[in-house]
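Per-entry structural report
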Amino acid sequence: MAQMMYRDAVLQTLFAEMERDENVVVLGEDIVGGMGTAGGPEAIGGIWSTSVGLFDKFGKDRVIDTPISESAIVGAAAGLALAGKRPVAELMFADFIGVSLDQIWNQIGKFRYMFGGKTTCPAVIRMAYGAGFNAAAQHSQSVYALLTAMPGIKVVTPSTPADVKGLLTQAIRDDDPVIFMEHKALYGTMGEVPDGDYAIPFGHARLCRAGQDVTIVTLGLMVGFCEAVADKLATEGIGCDVIDLRTTSPMDEEAILDSVEITGRLVVVDESPPRCSLASDIAGLVTTKAFASLKAPPALVTTPHTPIPFARELESNYLPSPDKIEAAIRQTLAWR
Amino acid sequence: MQLSREALLRAYRQMKVIREFEERLHVEIMTGEIAGFTHLYCGQEAVAVGVCEHLDHADMIVSTHRGHGHCIAKGCDVKGMMKEIWGSREGICKGKGGSMHIADIDVGMLGANGIVGAGSPIGVGAALSAKIDGNGKVAITFSGDGACNQGTTFEAMNMAVVTKAPCIFLYENNKYSEHTGVSYSVGTNKDIASRAEAFGMKIWRGDGTDFFSVHDTMRDVLEYVRAGNGPAAVEFDTERFFGHFEGDPQRYRGKGELDHIRENRDALKIFRARVTEADLLSGADLDAIDAEVMTLIDEAVAEARLAERPTAADVLTDVYISY
Ligand SMILES: Cc1ncc(C[n+]2csc(CCOP(=O)(O)OP(=O)(O)O)c2C)c(N)n1
Ligand SMILES: [Mg+2]
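For clarity, every value in this text was computed on a predicted model and none was experimentally measured.

Sheets are built from strands paired through backbone hydrogen bonds, the pairs being either parallel or antiparallel. Residues and elements named next belong to chain A. Pairing within the open sheet is mixed, and its five strands lie in the order β9-β11-β10-β13-β14. The sheet terminates laterally at β9 (206-209) and β14 (299-301), the two strands that pair on one side only. Strand-to-strand twist of the sheet, defined as the mean angle between neighbouring strand axes without regard to direction, takes the value 25°. Relative to strand β13 (residues 266-269), strand β10 (residues 214-218) runs parallel, the two being bridged by three bridges. Counted as the bridge partner of valine 217 is valine 268 from β13.

Before going further, it helps to spend a moment on unusual backbone geometry. The omega torsion across serine 249 of chain A and proline 250 of chain A is 0°, close enough to zero to call that bond cis. Looking at where proline 250 of chain A falls in the secondary structure, it is placed in the loop between β12 (247-249) and α9 (253-263). Phi angles above zero are rare outside glycine, and lysine 94 of chain B is one such case at about 60°. On the secondary structure map, lysine 94 of chain B appears in the loop between α4 (78-85) and α5 (119-133).

What follows is about the site of ligand 1. Around ligand 1, 22 residues are found, and the nearest of them are Glu70 of chain A together with His65, Arg66, Gly114 and Ala147 of chain B. In this structure ligand 1 sits where residues from chains A and B come together. In this structure, an oxygen atom belonging to ligand 1 sits 2.7 Å away from a side-chain N or O atom of histidine 65 of chain B. Protein chains bury 97% of the 580 Å² of accessible surface belonging to ligand 1 in isolation.

A contiguous nonpolar patch, built from Leu82, Met114 and Phe115 of chain A and spanning about 280 Å² of accessible area, is present on the exposed surface. For phenylalanine 115 of chain A, the location among the structural elements is in the loop between α5 (111-114) and β5 (124-129).

On to the coordination of the magnesium ion (ligand 2), then. Within the first shell, the magnesium ion (ligand 2) binds the protein through Asp145 of chain B (OD), Asn174 of chain B (OD1) and Tyr176 of chain B (O), at distances of 2.1 Å. Expressed as a motif, the donor residue spacing for the magnesium ion (ligand 2) is D-x28-N-x1-Y.

Here we come to the interface of chain A and chain B. Taken together, the contact between chain A and chain B spans 40 residues of the former and 46 residues of the latter. Around 3400 Å² of area is buried between chain A and chain B when both sides are counted, 62% of it from carbon and sulfur atoms. Per-residue buried area on chain A facing chain B is highest for Ile68, Phe310 and Leu314 of chain A; these three make up 20% of the total on that side. Salt-bridge contacts for arginine 309 of chain B lead to glutamate 313 of chain A; the nearest nitrogen and oxygen are separated by 2.6 Å. On inspection of chain A and its partner chain B, the count reaches 20 residue pairs in polar contact (both at pLDDT 80 or more). Considering every element that reaches the side of chain A that touches chain B, the biggest residue donor is helix α11 (residues 312-318) of chain A, with five residues. For the side of chain A that touches chain B, the class distribution of residues is 22 nonpolar, 12 polar and six charged.

Interface size is commonly expressed as the accessible surface area that is lost when the partners come together. Residues and elements named next belong to chain A. Here the domain parsing of chain A yields domain 1 (2-193) and domain 2 (206-333). Taken together, the 28 residues of domain 1 in the interface contact 25 residues of domain 2. Together, the buried faces of domain 1 and domain 2 total about 2000 Å²; carbon and sulfur atoms form 54% of this surface. When the area that domain 1 buries against domain 2 is broken down by residue, the three leading residues are Asn134, Tyr144 and Thr157, summing to 28%. Across the domain 1-domain 2 interface, the total number found is two salt bridges. Of the charged contacts, one joins arginine 246 and aspartate 163 as a salt bridge, the two residues approaching to 2.9 Å between their closest N and O atoms. Remark: the boundary between domain 1 and domain 2 carries 18 residue pairs in polar contact (both at pLDDT 80 or more). Elements that contribute at least two residues to the side of domain 1 that touches domain 2 include exactly α6 (144-148), β6 (154-156) and α7 (161-173).

Analysis parameters
Residues numbered from 1 in each chain as written. Chains lettered and ligands numbered in written order. Predicted model: local features only at pLDDT ≥ 70, side-chain atom pairs only at ≥ 80, totals over all residues. Heavy atoms only, no water. Pairing = 2+ DSSP bridges. Helix = DSSP H or I, 4+ residues; strand = E, 2+ residues; numbered from the N terminus. Axes fitted to C-alpha atoms, helices over the stretch in contact; angles between N-to-C directions. Near = heavy atom within 4 Å. Polar contact = N/O pair within 3.5 Å; in protein donor to acceptor, adjacent residues only side chain to side chain. Areas by Shrake-Rupley, 256 points an atom, 1.4 Å probe, with all protein chains shown as cover. Patch = residues over 30% accessible without salt bridge, like charges linked within 9 Å, V, L, I, M, F, W, Y side chains within 5 Å. Salt bridge = Lys/Arg side-chain N within 4 Å of Asp/Glu carboxyl O. Donors = N, O, S within 2.8 Å, 3.2 Å for Na, K, Ca; no water. Contact = heavy atoms within 4.5 Å. Buried area = accessible area lost by both parts, 1.4 Å probe. Nonpolar A, V, L, I, M, F, W, Y, C, P; charged D, E, K, R; others polar. Domains from an automatic or database assignment.

Next comes the structure, spelled out in C-alpha cells:
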C-alpha cells in the first residue's frame with residue numbers, strides 16, 4: 001500500500017495501463033501543454049496534473065494534445081475505439097460534455113447495440129466535475145445523472161485514491177464505453193492505494209460505514225460528508241450504513257436494497273439538481289422494490305433545481321452540506 | 001480619418017480603465033478575497049476599445065471567458081462589474097455569474113461565456129435579429145485563437161455567410177489558448193483570418209496592440225457589414241500580459257517574453273507615444289486621465305468590499321419554476 005493523492009492515482013493508473021497495453025492512447029486539451037510554444041512540451045501535463053510525464057514517456061502518437069474541439073476529441077475517441085485502440089479522452093470540465101454530447105450519446109453509447117453486437121467501443125472519457133470552487137454555472141456541474149440516463153454508457157465516480165486506481169484500471173480494460181468522473185475537490189485528497197494490479201469490477205458499491213438505523217446512499221465528494229455525519233451520529237448511538245455507489249451505471253441495486261431491508265430508512269445525498277436525478281432514481285428503486293421495508297419516506301438531499309451560482313455564500317448554500325445531511329437523517333428517524 | 005480630441009481622450013480613458021481594473025484584480029486575487037476563476041484582459045485593451053468606440057448600445061457584442069475588457073469597452077458599469085467579481089448581490093448579475101458571466105443586455109453586451117466557442121452562434125442569431133429589423137446594427141463575436149478551433153465557430157461562420165447575417169467574427173490572436181501555442185492549435189500556418197476567408201467572407205487584419213490600427217480597420221469592416229454585405233471576419237494580433245488564469249505558472253513562455261511584450265507591445269504606451277508625438281494630446285492630458293482612473297478603480301474596489309452580500313434566499317430567485 002502506498003499513500004497517494006487522488007490526482008496521482010489517476011496519473012499512475014494511466015501510466016501503468018499505457019505501459020501494459022500499447023493500444024492505450026490518451027488525448028485532450030493541454031494534456032501535454034506547451035505545444036507550439038517557446039517553453040516547449042510538458043508545460044502543464046493536464047490542467048489537473050493528471051498526465052504529467054506521459055508525453056515524455058510514450059510520445060506524441062499515444063499522448064495527443066488537441067485543439068479546443070470537444071466534439072472532435074470525443075468523436076476521435078469513438079473512432080480510435082472502433083478501430084481497435086483503447087482511447088482515454090479527457091474533457092477538462094464535465095460541463096463541456098455539452099459541446100460533445102452527440103458523440104457520447106448517439107455514437108459511443110449506441111455502437112454495440114445498434115450494430116447488432118458486432119462491435120464494442122472501449123473508450124474512456126475522463127472528466128473533472130463538481131462544485132466547491134466558485135467556478136459558477138458552466139464549470140461546476142455534477143453531470144452523472146444526465147449520463148447515467150443514457151443506455152450504453154457506464155458511469156464511474158470514484159471517491160478515494162484507491163477507487164481511482166481500481167476503477168480507472170477497470171475502465172481502461174473494459175470493452176464498453178466508460179465515463180470516468182473525477183471530482184475536482186478530491187484531486188488533492190490522500191489515501192492508501194493497493195500496490196500491483198488492482199481492478200474493481202463495476203456495479204459493486206462500497207460500504208463505508210455500517211449501522212442498523214438508516215441507509216445513506218451517496219457518491220463522490222459527498223461520501224466524505226456522509227461519513228463525517230455518520231461518525232457524529234454514531235456517538236449518539238445512531239447507526240448509519242453509508243453506501244458509496246462507485247458506479248452509477250451499472251448501479252449496485254442489491255447493496256441498496258439489502259441495506260434498506262434492514263434499516264427501513266433511506267437518505268440519498270446527491271450533488272446535483274433534484275428533477276430526474278440520481279436521488280429520485282434511487283428513491284424510485286427503493287419504493288418499488290423495498291416498499292414493505294420502509295418505515296419512513298425516502299429523504300433526498302440534493303441541490304436546488306437551479307444552475308450553480310457564483311458567490312461564495314450562494315454556492316455554499318446551494319450545495320448539500322454535513323448540516324443538511326444530518327438534518328435529513330434526523331427527520332427520517334423522527335418520522336411519525 | 002482624424003479623431004477629435006474628445007474621442008482620443010475617451011479611447012485612452014477606456015483602455016486605461018480596463019488596464020487598471022485588471023492590474024488591480026491581479027493584486028486583489030492574491031489576497032484570496034475574490035473567488036472563482038478570473039481571466040485578465042491586460043494587453044488586449046486596444047482591441048476591445050478600438051472596436052467598441054464605433055458601436056452604440058443597439059449594436060451587440062458576444063464575449064468570452066476573458067470578457068472584462070469587452071464589457072467595459074461596451075459600456076457595462078465598472079463598479080457593478082467589480083461588485084459582481086466580488087460576488088456581491090449588488091453586482092451587475094447579483095453575484096450569480098461572477099467574472100466569467102458578466103452581461104448587460106441593455107448596453108448590447110450579450111454575455112461573457114465560460115464555454116469556449118459558444119459565443120459565435122449566439123452572435124449569428126443576434127445579427128439575424130438586426131437583419132430582420134433592418135436597422136443597420138451588427139453583432140460582433142469575440143473569439144480567441146483557441147476558440148476559433150471549435151466546431152461551433154465553423155458552423156456559425158458558414159451559417160452567417162449563407163444567411164447574410166450582419167455578424168463580425170472578431171479573432172483576438174494572443175498566440176495562446178491556455179498553455180498551447182497558436183502555431184500548434186491552428187493548422188493554417190498561424191493564420192485564423194484566411195481560414196475565415198475560406199468560408200466565403202471578406203477578411204481584415206490589424207495590430208491588436210495599436211488602438212489606431214484596430215479603430216481604422218474596424219471602420220472599414222463596419223462600413224462593409226452595415227451596408228448589407230453579410231458577415232466579415234477580422235483578426236487582430238495581440239498579447240496577453242498575464243497567465244491564462246490567475247495562478248497560471250506560464251511555463252510555456254519564452255525567456256524574457258513577458259518583459260519584451262510589456263516593453264514593446266503595450267497598447268497604452270503605444271497610444272501615448274502616438275498621440276504625444278503627433279501633438280494630438282499632451283502628456284499632462286493623459287496623466288490627468290490616469291489619476292482619475294486610479295480613483296475610479298480605488299472606489300470600485302472599496303465599494304465592492306462593502307457591498308451587500310447575497311443570502312441563502314437569493315439562491316432561489318431568477319428561476320422560472322420553483323420546486
Ligand atoms: C468548451 C470549452 N473547452 C475548454 C474550455 C477551457 N478553456 C477556457 S479558456 C481556454 C483557452 C481559450 O483560448 P483562446 O480562445 O485563445 O482565448 P484566450 O484565453 O487566449 O483569451 C480553454 C481551453 C472551456 N472553457 N470551454
Ligand atoms: Mg488566445
